[in-house]
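Examination of the molecular architecture
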Amino acid sequence: GKDTDTFTWTTSTEMDTPDIYYGNQREALITSYAMCDSLVHRDPVTNEYQPLLATSWKWTDDKTLELELREGVKFHDGTDFDAEDVAYTLNHVAAPDSDMKIRVIVDWIDNVEVVSPTKVVIHAKGPTPAALEYLTGTSPIFPSGHYESAPEVPGANNSTRRDWGAVVPVCTGPYKVTDYQPGQSLTLERNDNYWEGSPKGKPSIGKIVYRTIKDPETQIAELMTGGVDWIWGVPPENAEMLGSMDNLTVVSAPTMRMSFLSLDAAGRTGAGNPMTDVRVRKAVAHAIDREAISKSLVGEGSAVQKSMCVPVQFGCETDVTQYEYDPAKAKALLAEAGYPDGFEIDFFAYRDRAYSEAVLNYLREVGIKANFQFLQWRALRPLIAEDKTPMAHLTFGSNGILDVSASTSYYFKGSSDDYARDDEVRAWLDEGDSTTDPDARKGLYSKALKKIADEAYYLPLFVYGRTYAFNKDLDYPVTPDEMAHFYLAKWK
Amino acid sequence: MANSTNIAPLSPGQLAFRRALRHGGFWTGGLIILVIVLAAIFAPLLTPYDPALQDLTQRYIPPVWSEKGTWDHILGTDNLGRDYFARVLYGTRISLGIGLLTLLISGTIGVSLGIAAGYWGGWPDLVINFLITIRLTLPVVLVALVVVALIGNSLTLLVLVIGLLLWDRFAIVVRSATQQVASREYITSARAIGSSTPRILFREILPNITGPLIVVASIEIAHAILLEAALSFLGLGVQPPQVSWGLMVAEAKSQLMFRPWMIAIPGAALVLLIFAINLVGDTVRDVTTPEGKA
Amino acid sequence: MDGPILEVAGLRVDIPVDGSTLRPVRRVDLTVGRGETVAIVGESGCGKSLTALSIMGLLPRSARPSSDHVRLKGEDISKASPRRWRKLRGDRIAMIFQDPMTALDPCYRIGDQMVEILRQHRSISRSDAQARAVELLGKVGVPTPEERLSQFPHQLSGGLRQRVMIAMALLCEPELVIADEPTTALDVTIQAQILRLLRDIQRETGIGLVLITHDLGVVAGVADRIVVMYGGEVVETGTCDEVLGAPLHPYTEGLLRSIPVPGETRQGERLGFIPGVVPRQSGEQTSCGFLKRCPYAMAECAGGPVAIRDIAHGRGVRCLLPPDPGARDPGLWTRFETEEVAS
Amino acid sequence: MTSDALIMRGVTRDYPVGTAFGRKQTLRALRGIDLTVGKGRTLGLVGESGCGKSTLAKILLGVEQASSGEVLVEGRPISGYGRLERAGLIQPVFQDPYSSLNPRMTVETLIAAPLAVRGIGDSALRRRRAREMAALVGLPDHLVSSYPSQLSGGQRQRVAIARALIGEPRILICDEPTSALDVSVQSQILNLLHRLKSELDLTMILISHNLAVVHHLADEVAVMYLGQIVESGPSAEVFARPRHPYTEALLKAVLPPRAGVRLPELGLEAEFPSPLRPPSGCAFHPRCRVADGLCAERAPERDGTNHSFRCHHPLGGGDQAAAMTTPETA
Amino acid sequence: MAAFITKRLALTVLVIIVTSIVAFMLVHLSGDPAAAMAGEGATDADIAAVRETYGFNRPLYAQYLDWVAKLLQGDFGRSYYLRMDVGDVLAEHMPITATLGALALGFALLLSVPLGVFAALWPNTMIDRFSLWLAVAGQALPSFLFALGLMYLFGVYLRWLPISGTGSWQNYIMPAIALGYYATPAIMRLTRSGMMDVLQSDHVRTARAYGLSPWRVIIKHSLRHAIIPVVSLAAVQLGFMLGGSIVIETIFSLKGIGYLAWESIQRADIEIIQAILLVIATAYALLTLVADLLNAALDPRIRVS
Ligand SMILES: Nc1ncnc2c1ncn2[C@@H]1O[C@H](COP(=O)(O)OP(=O)(O)OP(=O)(O)O)[C@@H](O)[C@H]1O
Ligand SMILES: Nc1ncnc2c1ncn2[C@@H]1O[C@H](COP(=O)(O)OP(=O)(O)OP(=O)(O)O)[C@@H](O)[C@H]1O
Ligand SMILES: [Mg+2]
Ligand SMILES: [Mg+2]
């Protein structure tokens, strides 16, 4: 609370590590933004790239990125920041055996070369159009030698390995970690020596405490009684009620998480599967009132997703074929495809059961009897990989990367997640992912996304919104990137 | 000379039943159960709504007795605009069904093991006791969660898991009851007149342990229903479009602060059913203990 | 002041069960003098134990006792306060129960149980109490009493336990000891020893002893006087020799006829028995309680409850027949018994 | 030999027992029983609680198996009989009429059970036979459809006897048939057994701790002590001239309800020993008034033929033990 | 006595061995742990790498033997998620559950034993009816409903007690009540029926016949007997609480073993799940052993043979 200058926020997830290289949770990313600086800053409101630890950069050729570094910046442990640190950090995580979690972020780096204490050159493996995106908040810089204290732990077959993620980050950011209890809490304190002129600004609140509260009801109860100051993911139907309380502010914003149906167009679950018929897929698309789900159920901040990507992502073409809600047409299409009485199909889901249920009910209305199987992700993932999901309700957050290569390309490039298996689409995406010219990329992605929509390979449903509820004393900008930038917050 | 000619002889079971009829609890409990069972059977006649029919324009209508309630939806609607009354009614089927089916499984396992252990003693007893110990060391909720979370859930699996987990009390109670009965001289008599083992087990022992058996059955059916509710509460119970009361409570959980009736209605149904089952079980316990020890 | 130790008059116990009222004890009079052993005999369920328990004030909660008086050395204890009762019990009246296996608390050592009782009633140090316990255990013939003190009841045999019970009863030198079937649960070989012990102790200390039993043989060797109970009532009283030698009540007569005695009854000889069963003792009485089982029954017997008749000092019988057993026809028994079998 | 209904030779029976905290131990309930019962004869078996009487009965009934030794029924080993065959031959009457009848069955079903088990006749026939048996044992007809809880102890024991007899067995084993009954009822059951025994020509083993009962019915008597038969012989002889001190003590312990009888001095020292730790030598020596060093060392062999006993110092013949016939008078 | 303890310990070891196999099988035979560990958005290659790193591609028995070999060296393995040794994780969570369990049991005993005793002392009176009613109602109320109700009333509405976390002793009040309440009816009933039996037993009659004061009779000569089965039941209940506090711990965000188990199940942190199953089984076996010893202390018939 304001009186103790301690800001407490909570989510349902237990943080596995505050090192964002070794964990991919939102909570870790939020923390990482607050305590670490990366080379490049992306403005959360305008989405523009701004200098942070790098003061400037330029591509010397399509595989070489040259960066000038800021001087006079100190790590939380008092050491000075320089080019060695950048090279150390990025080389460490880019190494093939680094065990890094989301490799796409660093996979493009071949090596980092120190030119002078204030200058580094990043050599890419190939043309990397999204490089700057990768160098923002998801790539914090640690002091050189940082990972040396990683514990040795047993690996498979009596070997040992280093558990790099177990090292608590030391950074240059506006806040520093003072206490970390794995799985329970993380305490940040204001870094009073934070460098002047950072686009992140000077931190204001003295102490930021994160703790996990599993139960959403408990979170709400704690928020109402002042035990915590900030929660998110408030169910939309509660937003209004919470908003009417005098000590709370409730705001909704869009996120990067998209919700969609994966349909087995490739016939991976069996050639005779109804989903291989484009008319059936279109029928499914017409059967679901996406508007209603998004508006009534998912609530404020959410929007119908027009294409298989998030609009804020670079290259996301939204001018593609749309299938309006029209159950009659759906039925007609089904009849045309030879299913006048509908059919039965297995339907898998793993997140937000109510949304899946709504979809399920719409499908039932046009005669598609879906056998609902709600599983843990760990149980569903192998089924997807083993060609067992003719129809699945999935979601994806693109790992927070504002580029279509992180979303569309993830699903349509022939991996085990790809239930379309369209070679043409795949070729376009491959090319788009390795071309540096933005316009050419846009054209390629547009072609791919248009075909995806025409064929109704996957059915995009909606983009998640998120409702934030927090202490009224808090002055804090809610941003559309599904992030919480607490270093920007102040008490009123 | 003897003077009991006019009294029609009553079997101990009939006597117990007569005593039960004089028990207030038996009536209350029995009546509640009857109503609930009838509601489950005749659910389609009692409501015009399909419990899975959603109407996203009619979400969160409160029940009639609150200001904004309507008679169209007596108990209101839920987050998908489904009629709450219909859901409660149809939920009865699943909750009762799960209770009965799991009872069948756990009862069969537990009674067989219990009788075997109690009657034969010796090493079968040792082995079965060990099985019981193993079963008891594995916490029910935890194991159920692991299995359901990992294998994925369906009604069949749920029934199987709960049924395979809840046999321990049957086995324990039946074992000691059987031991007691088996040490009675009428069992020795039965063996001495040449009765076969099955005859002894089913004609001599089983009828004499019905009292404790019914009590355990009432406890276990309640336990199974509650366990399903708890699993549903954690999100791993019954799957839509099926409805169970536990699932309804779980779905309404987020409304605890703002629309408490959404939890209260299925919660009350659940409590009422378990309460009634317990009442009846209690009566049986009362009337079958020797001399009706109050 | 050598009056009787215990005088019970008009004792009755009612027990309401399920709407009706059981009357398991009715119109019981009992007098026990100093140094006297009075035996209460009767078959199972005739109310012996309830009589004993109501003298001790230990009836089950549901039972409702009433009496003209129950005097212990002149003090009417039937209306004593619970506090007063506790003072009396174990101190001035003690009781020995039937089953020595269960009558001692299995959780505590023999010595502790004895000391606890002693210190409840006497302000006496632990060690003194222990000494007294050892003394008494020795007296009742428990070998190596010091060792027994630290043993638990289940480590003793049945006979020893009963001896311990007797020692416990004597701890505070009571005036009256009630022994409820003290030998029924014991083997025949132990029974004789325990009975001897009881008799010796009673002679030695001059306490009043009420011996409850259903075995007329036990009575013969020990009792001074006999009180025969049937169906909740005293049907006959007298000295041991009078009752056993010349029973007046048909019930006593029938009882004695039914017991085989080696050397007297021949092998295989048809034994006498009392046909029928004991009627349930509920409701008010409208006839002699033995009516339906009595071979000598007369029309008058059905007229109403029969009052006890004093034949001589200390000799009474609850029967309308003339008090002359010689005048009765034993053939009536045989005929009566045959009828029963035929029916 | 063939005229013997039952023969036991060197029969032992061990029970493994273990207390919660203790080690496993072996309890030898029978320690070498030799016994012969002639056809149509009644053997009275007496002994103190825990001496193994019921164990012996259960072995004869085939409910328990002997650990070693030989049991012959009508000349054949008992193990050679099938379950039903054996049941048709030997039937029991147990001590406690309150627990020997299944409370969930009617009297009729209970009595007819042996027939039902063997699949004899249809239900109507069985019912008729049950009623006949009920009449035979003196059970009023109106009671046949009652449940055991509605009967008195004597009536229950009659049901038990009727059930035992319905299958027309040749051997009846009565384990303390009257010890749970009042004397006035006991005499009826004794009368009944006596009548049936001669009417049906039954071989009978009558187990009791009450010598008076045994005396009344038995042709022969066997006295058991701690799993062994210490004395056996014709009833009249054993009662008149007991050779074993233990038998003598048992005889003395009978208390006749006669005026002027004194309490007997049994001369028994300690108490009945635990079968888990039987005394050395003659098991009776710690309690025996005539025991000497020899008794503690060596167990006595069986002595005598018709009237046999196991004692190093048997009581002399003569009139020394006329104790029985004339109770000690004051 | 020593023999008994040896035997019981041997049994306990056997139980633990079997439980370890069951636990291992449960966890390994279902789903793909690697998929869960790699998390959402991981590619096939990412998952394969995880599988390789953790050795999930080896035969099951080899993995099991490996696990056991390490267990024998006191190594519970390592949580991939929390990046801590499982032993340390347990050491952190165990005390919380132990505290919660002890408090819950304490609450249950404090409520149920006196109620049971009074109900047995005055059967068919108000207090007897009340306690029976409490028992029946108590069994009927699912603990999650009760917990939510408590939280709503005391946490949100009255604001008397903190809602979640482990900061102070007050944090334990509501969870302990919610958890303990469920065990109350069974213990109450057992106490009551035990007391009823003992009060009618011969030795209590003896105690009264020798003029001992009522409270002495009730506490010293009755309750001591009636409590013996209650001790066993309490041990079993405590065992259940250790494993059954999942719902309560989740609701009140008490980071004990149950909470940890549920979290670990969701993120397939199999080393932790295995360890928890094993630890709970061990705790249960030890608890029943303790109960047996306690009973032996209470009842010399068990102790002295
Ligand atoms: N608590 C009770 N409630 C109801 N009836 C009782 C109760 N106690 C005793 N009776 C009845 O009172 C009668 C007399 O009982 P009591 O115990 O005095 O008999 P008894 O002569 O001691 O018999 P026994 O020889 O079997 O000990 C019996 O019929 C018994 O069933
Ligand atoms: N199933 C059993 N397991 C262990 N010990 C047994 C078993 N049955 C009997 N015993 C023991 O064997 C011994 C003899 O028992 P049995 O029942 O034959 O004695 P009994 O002479 O019939 O005694 P009672 O007169 O008390 O009926 C006793 O010490 C008894 O404890
Ligand atoms: Mg009595
Ligand atoms: Mg016996």
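Residues numbered from 1 in each chain as written. Chains lettered and ligands numbered in written order. Predicted model: local features only at pLDDT ≥ 70, side-chain atom pairs only at ≥ 80, totals over all residues. Heavy atoms only, no water.

**Here's the deal with the overall build of chain E**
Counting its regular elements, chain E contains 14 helices and two strands. By its C-alpha atoms, chain E is 80 × 55 × 30 Å across when sized along the principal axes. Taken across its 305 residues, chain E has 59% of its residues classed as buried. Here the contacts in chain E between residues at least 6 apart in sequence split such that 72% fall between residues at least 24 apart. For chain E, the accessible area works out to roughly 11100 Å², and carbon and sulfur atoms hold 70% of it. (Helix = DSSP H or I, 4+ residues; strand = E, 2+ residues; numbered from the N terminus. Buried < 20%, exposed > 50% of the residue type's maximum accessible area, 1.4 Å probe, protein only. Contact = heavy atoms within 4.5 Å. Areas by Shrake-Rupley, 256 points an atom, 1.4 Å probe, with all protein chains shown as cover.)

**A word on helix H9 (residues 245-253) of chain D**
Of all nine residues in H9 of chain D, eight are buried; the element is thus mostly enclosed. Along H9 of chain D, the positions that sit buried rather than exposed are Pro245, Tyr246, Thr247, Glu248, Ala249, Leu250, Leu251 and Ala253 of chain D. Where H9 of chain D is buried, its residues touch helix H8 (188-205) of chain C together with strand E3 (42-46), helix H7 (211-217), strand E9 (220-225), strand E10 (228-234) and helix H8 (235-240) of chain D.

**Examining the UniProt feature "transmembrane region" (unreviewed entry) in chain E**
All names here are of chain E. Per the UniProt annotation, the sites labelled "transmembrane region" (unreviewed entry) are residues 9-29, 100-122, 134-160, 172-191, 226-252 and 272-294. Here residues 9-29 is 95% helix and 0% strand, with 30 Å between the C-alpha atoms at its ends. In the segment residues 172-191, helix accounts for 95% and strand for 0%; the C-alpha atoms at its two ends are 26 Å apart. (UniProt positions renumbered as here; feature names shortened; annotations may be inferred.)

**Focus on the site of ligand 2**
All names here are of chain D. In the vicinity of ligand 2 lie 14 residues, with Ser49, Gly50, Lys53, Ser54 and Thr55 positioned nearest. Taking Gly50, its main chain carries an N or O atom lying 2.8 Å from an oxygen atom of ligand 2. A distance of 3.0 Å separates an oxygen atom of ligand 2 from a polar backbone atom of Gly52. Relative to its unbound accessible area of 640 Å², ligand 2 is 67% covered by the protein chains. Those elements that provide at least two residues to the shell around ligand 2 are strand E1 (4-18), strand E2 (24-38) and helix H1 (53-61). In terms of residue count, H1 provides more of the shell around ligand 2 than any other element does, three residues in total. Here the residues of the shell around ligand 2 sort into six nonpolar, five polar and three charged. (Near = heavy atom within 4 Å. Polar contact = N/O pair within 3.5 Å; in protein donor to acceptor, adjacent residues only side chain to side chain. Nonpolar A, V, L, I, M, F, W, Y, C, P; charged D, E, K, R; others polar.)

**Side note on the interface of chain A and chain E**
If you look at the interface, chain A gives 51 residues, while chain E gives 48 residues. Taken together, the two surfaces of chain A and chain E that pack against each other cover about 4000 Å², and 47% of this comes from carbon and sulfur. In this structure, Asp163 of chain A engages Arg83 of chain E in a salt bridge whose closest nitrogen and oxygen atoms are separated by 2.7 Å. Linking chain A with chain E are 13 residue pairs in polar contact (both at pLDDT 80 or more). Secondary structure elements with two or more residues in the side of chain A that touches chain E: strand E8 (152-154), strand E12 (207-212), helix H4 (216-224), helix H10 (377-385) and strand E18 (391-396) of chain A. (Buried area = accessible area lost by both parts, 1.4 Å probe. Salt bridge = Lys/Arg side-chain N within 4 Å of Asp/Glu carboxyl O.)

**Thoughts on the environment of Glu204 of chain C**
Relative to the helices and strands, Glu204 of chain C resides in helix H8. Spatially, the C-alpha atoms of Glu204 of chain C and Gly35 of chain C are 8.8 Å apart, while their sequence positions differ by 169 residues.

**Quick notes on the domain arrangement of chain C**
Residue and element names in this part refer to chain C. Partitioning chain C into domains gives domain 1 (1-92 + 174-343) and domain 2 (101-171). Taking the mean C-alpha position of each, domain 1 and domain 2 sit 31 Å from one another. The interface is formed by 18 residues belonging to domain 1 together with 11 residues belonging to domain 2. A buried area of about 1200 Å², summed over both sides, lies between domain 1 and domain 2, and 66% of it is on carbon and sulfur atoms. Interface area lost by domain 1 to domain 2 is led by Asp91, Leu197 and Ile201, which between them contribute 33%. (Domains from an automatic or database assignment.)

**A closer look at the site of ligand 1**
Residue and element names in this part refer to chain C. Lining the immediate environment of ligand 1, one finds 13 residues, of which Ser44, Gly45, Lys48, Ser49 and Leu50 sit closest. Take Lys48: an N or O atom from its side chain is 2.9 Å from an oxygen atom of ligand 1. Elements supplying a minimum of two residues to the shell around ligand 1: strand E2 (20-32) and helix H1 (48-56). Here the element with the most residues in the shell around ligand 1 is H1; it accounts for three residues. A per-class count over the shell around ligand 1 returns six nonpolar, four polar and three charged.

**Observations concerning the side chain of Ser398 of chain A**
Residue and element names in this part refer to chain A. Counting through the fold element by element, Ser398 comes out in the loop between E18 and helix H11 (408-412). Reaching out from Ser398, the side chain makes a polar contact with the side chain of Gln313 at a distance of 2.9 Å. Look past the residues within four positions of Ser398 in its chain and what remains in contact with it is Met256, Val310, Gln313, Ala406 and Ser407.

**A short note on the environment of Leu88 of chain C**
All names here are of chain C. Positionally, Leu88 belongs in helix H2 (residues 82-88). Sequence-wise, Leu88 and His121 are 33 residues apart; in three dimensions their C-alpha atoms are separated by 9.0 Å. When near neighbours in sequence (up to four residues on either side) are disregarded, Leu88 contacts Leu72, Glu75, Ile77 and Ile93.

**Quick notes on the sheet that holds strand E4 (residues 54-61) of chain A**
Residue and element names in this part refer to chain A. Pairing is antiparallel in the open sheet, where four strands are placed in the order E4-E5-E7-E6. The open sheet has two edge strands with one neighbour each: E4 and strand E6 (109-116). The sheet shows a mean angle of 20° between the axes of neighbouring strands, taken without regard to direction. Bridge analysis of E4 against strand E5 (residues 64-69) gives six bridges, and the strand direction is antiparallel. Note on E5: the bridge partner recorded for Trp57 is Leu67. Docked against the sheet, helix H2 (residues 83-94) engages E5, E6 and strand E7 (119-124), running at close to 170° with respect to E6. (Pairing = 2+ DSSP bridges. Axes fitted to C-alpha atoms, helices over the stretch in contact; angles between N-to-C directions.)

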